[in-house]
Amino acid sequence: MPEYSLFQRIRKPVSIAPLVIFRVLFGLMMFAGIVRFWLHGWITDLYVKPRFYFSYWGFEWVHPLGNTGMHLLFLLAAVSTIAIAIGFLYRISIVTFFLTFTYIELIDATNYLNHYYFISLLGFLMIWLPANRCFSIDVKLWPHLKRDMVPLWVVGILRLQIAVVYFFAGLAKLTPDWLLHATPMKIWLPAKSHLPLIGSLMYTSWVAYLFSWFGAIYDLFIAFFLINRRTRPIAYLFVIGFHLATALFFPGIGMFPYVMIICSFIFFSSSFQQKILNIVSGGKSTSDDNVYQLSVRANTMFMLAMGIYFFIQFVVPLRFLAYPGQLFWYEEGYRFSWRVMLMEKSGNTFFYVKEPSTGKTYEVNNNEFLTPLQDKMMSTQPDLILRYAHYLSSVYKQRGIKDPAVYAECFVALNGQRSRPFINPTIDLSRQPLSWHHYTWIIPHAKNEK
């Protein structure tokens, strides 16, 4: 039976080397990212200076810890990454990293980036994987932990997670704007006209279409080429070239290109990575009999849990289908769906607080409450606008305004189109609930929208 064959295949013992190398590279990469964050002063700028933070729905209890607390939190995360890389108290270290990193990212939604979410997911998965059973301090301290082989599914879980990111990023590009109009590439590429040799090409339409179509094809199919043994070496060269080009043309994307280059290395065969590990570790031999195994009950429960996990991973990026209206306009179901650099959206939002009993109206100075980055991100994302309106209501209530009503005038430009009204200015936003329901107070982007 096909099901039996697949089940047998994913249980086939393979070298633990891909998991070990992934652990080392992941730990070192995360350490470099945290150091980079610290040296740029972003801890203070993003988690200390702001007066107000845009928490995620359901995570309002997550708060910044003050200047000393945030720096200590980042320090703890950095220490845990080193411990992960060397495999010291691995389980404690990876749990610590997952909790500290995820806590930091839940503080303010205006700091959301796809690769931060991706890193949290990888950290969560690695909690359950035996990545410290070889080439680690843990094995030096407790030799009985050593294992040379793991079932294929142990490595396959990480490969599948990476494949999900690529595939859904490709699906997200199958839109008229991206494929038929080459936007936002037509908007972004002219800014790179200063580049030597190729700068003059940045104004041509065919280059924008080339970037758009190649990006969609790459994301949709690269995981399949990486899985295939024959196409893997060439595919990985494409991974390196594609992501380095992305880093060159769009430096604002941060570490995402390097994260994907390093993570995609796990697709190389176990035998190839075992050779690398032997060279690094001094050519120590391995035993095919020394296999990491779970009990039948534990294995069944784990596979069931992973099935639920990946079902969620497939459903979450598609949840936008449950909402009416244009996704890029409403952004309902936009986050956590691997939509990387798909639109150019800018806005200006003006808030007014009205006291119903007196009729007095107060114009809000956003600079009093928000950083420039927060103001920029808030002005195009409806859920952030709503959360800010609720915050303004509480602030002005403390200032003596009785039952303050909060209204907004917002104008947004999407993918090079003319700026147009975004918020119904007659709706008291402070009375609109924070929920997952459709935003009826957003002015539709197209006339045929309801």
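Anything mentioned here points back to the structure above.
Residues numbered from 1 in each chain as written. Predicted model: local features only at pLDDT ≥ 70, side-chain atom pairs only at ≥ 80, totals over all residues. Heavy atoms only, no water.

A. Structural detail: the layout of surface pockets. Estimated volume of the second largest pocket: approximately 1300 Å³. Forming the boundary of the second largest pocket are 46 residues, of which Tyr-56, Trp-57, Phe-59, Phe-336 and Trp-436 lie nearest the centre. Elements supplying a minimum of two residues to the lining of the second largest pocket: α5 (90–106), α6 (114–127), α15 (296–315) and α18 (382–398). Examining the composition of the lining of the second largest pocket, we find that six residues originate from one element, α5, more than from any other. In terms of residue class, the lining of the second largest pocket is made up of 29 nonpolar, 10 polar and seven charged. (1 Å grid on protein atoms, 1.4 Å probe; cavity = no way out; pocket = protein on both sides within 12 Å on 5 of 7 lines; lining within 4 Å. Points joined across faces, edges and corners; volume = space filled by probe spheres on them. Helix = DSSP H or I, 4+ residues; strand = E, 2+ residues; numbered from the N terminus. Nonpolar A, V, L, I, M, F, W, Y, C, P; charged D, E, K, R; others polar.)

B. A look at the packing of aromatic side chains. Within this structure, the stated rule accounts for 47 aromatic pairs. The interplanar angle of 15° and the centroid separation of 6.0 Å between the aromatic rings of Phe-22 and Phe-26 together place this pair among those described as stacked. Here Phe-26 and Phe-22 lie together in helix α2 (residues 17–39), a separation of four residues that amounts to about one turn. Across this residue pair, the class does not change: Phe-22 and Phe-26 are buried. Taking 5.1 Å as the distance between ring centres and 75° as the angle between the ring planes, the aromatic pair formed by Phe-211 and Phe-249 counts as edge-to-face. Of this pair, Phe-211 sits in helix α11 (residues 205–227) while Phe-249 sits in helix α12 (residues 232–249); the two residues are 38 residues apart in sequence, bridging distant segments of the chain. On the basis of relative accessible area, Phe-249 is assigned to the buried category, the value being 7%. One aromatic cluster is present, built from ring pairs that chain together Phe-52, Phe-54, Phe-351, Phe-369, Tyr-388 and Tyr-391. Across the ring face of Phe-320, the terminal group of Arg-339 is positioned such that the distance to the ring centre comes to 4.5 Å. (Phe/Tyr/Trp six-rings, centres within 6.5 Å; stacked < 30°, edge-to-face > 60°. Buried < 20%, exposed > 50% of the residue type's maximum accessible area, 1.4 Å probe, protein only. Lys NZ or Arg CZ within 6 Å of the ring centre and 35° of its normal.)

C. Region of the structure containing the pattern of salt bridges. Enumeration over the complete set of coordinates arrives at nine salt bridges. Across the salt bridge formed by Asp-45 and Lys-49, the nearest N and O atoms sit 3.3 Å from each other. Given the relative accessible area of 58%, Lys-49 is considered exposed. Across the pair Asp-383 and Arg-335 runs a salt bridge whose closest N-O atoms are separated by 2.9 Å. Of this pair, Asp-383 sits in helix α18 while Arg-335 sits in the loop between α16 (327–330) and β3 (345–355), and the two are 48 residues apart along the sequence. (Salt bridge = Lys/Arg side-chain N within 4 Å of Asp/Glu carboxyl O.)

D. A look at helix α4 (residues 66–86). Taking 1.5 Å per residue as the helical rise, α4 with its 21 residues ought to reach 30 Å, and the 31 Å between its terminal C-alpha atoms agrees with that figure. Among the residues of α4, Gly-69, Met-70, Leu-73, Phe-74, Ala-77, Ala-78, Ser-80, Thr-81, Ala-83, Ile-84 and Ala-85 are the ones counted as buried. (Expected span 1.5 Å × (residues − 1).)

E. Expanded view of the sheet that holds strand β5 (residues 405–414). Across the sheet, which stays open at both edges, the four strands sit in the order β4-β3-β5-β6 with antiparallel pairing between neighbours. The sheet is open, and its two borders are formed by β4 (360–363) and β6 (420–421), each paired with just one other strand. The sheet contact formed by β3 and β5 spans 10 bridges and is antiparallel. Bridged to Ser-346 within β5 is Ala-413. Along the sheet, α18 makes contact with β3, β4 and β5, crossing β3 at roughly 30°. (Pairing = 2+ DSSP bridges. Contact = heavy atoms within 4.5 Å. Axes fitted to C-alpha atoms, helices over the stretch in contact; angles between N-to-C directions.)

F. Examining the environment of Gln-161 more closely. When you line up the elements, Gln-161 lands in helix α8 (residues 152–172). Discounting residues that sit within four places of it in the chain, Gln-161 has contacts with Phe-118, Leu-121, Leu-122, Leu-125, Tyr-309, Phe-310, Gln-313 and Trp-338. Looking at Gln-161, its side chain comes within polar contact range of the side chain of Tyr-309, at 2.5 Å. (Polar contact = N/O pair within 3.5 Å; in protein donor to acceptor, adjacent residues only side chain to side chain.)

G. Expanded view of the nonpolar core. Membership of the largest hydrophobic core comes to 135 residues, with the highest contact counts inside it found for Phe-351 and Tyr-388. A total of 13 residues in this core trace back to one element, the largest contributor, which is α8. Leave out the neighbours within four places in its chain, and Tyr-388 touches Phe-52, Phe-54, Phe-351, Val-364, Asn-366, Phe-369, Leu-370 and Met-378. (Core = buried A, V, L, I, M, F, W, Y, C linked by side-chain atoms within 4.5 Å.)

H. Seen up close, the side chain of Gln-313. Among the structural elements, Gln-313 can be located in helix α15. Ignoring sequence-local partners within four residues, the contact set of Gln-313 consists of Tyr-117, Leu-121, Gln-161, Val-164, Phe-168 and Trp-338.

I. Seen up close, the pairing of β5. Summarising burial for β5: seven of the 10 residues are buried, a large majority. Relative to β6, β5 runs antiparallel, the two sharing two bridges. Of the residues in β6, the one forming a bridge with Val-412 is Arg-420. Hairpin connection, β5 to β6: the antiparallel pair is bridged by five residues, and Asn-415 has positive phi, about 50°.

J. Here's a closer look at the state of the cysteines. Applying the stated criterion across every chain, the model contains zero disulfides. We note that Cys-263 lacks a disulfide partner, and the nearest cysteine sulfur, in Cys-134, lies 20 Å from it. (Disulfide = S-S within 2.5 Å.)

K. Summary view of the packing of α2 against α4. Closest axis-to-axis distance for the α2/α4 pair is 7 Å, and the angle between their directions is 155°. By the angle class used here, α2 and α4 are roughly antiparallel. Considering only the axes of α2 and α4, their crossing is left-handed. Together, Arg-23, Val-24, Gly-27, Leu-28, Met-30, Phe-31, Ile-34, Phe-37 and Trp-38 of α2 and His-71, Phe-74, Leu-75, Ala-77, Ala-78, Thr-81, Ile-82, Ile-84, Ala-85 and Ile-86 of α4 make up the contact between the two elements. Among the residues making up the contact of α2 with α4, the classes are represented as 15 nonpolar, three polar and one charged. (Parallel < 35°, antiparallel > 145°, perpendicular 65-115°, else oblique. Left-handed = near helix turned anticlockwise from the far one by under 90°.)

L. Summary view of the pairing of β4. Judged from the four bridges that link them, β3 and β4 form a sheet pairing that is antiparallel. Within the sheet, the bridge partner assigned to Val-353 lies in β4 and is Tyr-362. Counted along the chain from β3 to the antiparallel partner β4, the turn is four residues long, and its residue Gly-359 has a positive phi close to 80°.

M. The arrangement of the environment of Val-62 in detail. Looking at the element boundaries, Val-62 is found in the loop between α3 (42–47) and α4. Between the alpha carbons of Val-62 and Asp-108 there is a distance of 9.0 Å; along the sequence they are 46 residues apart. Residues in contact with Val-62, not counting those within four places in the same chain, are Tyr-103, Leu-106 and Ile-107.

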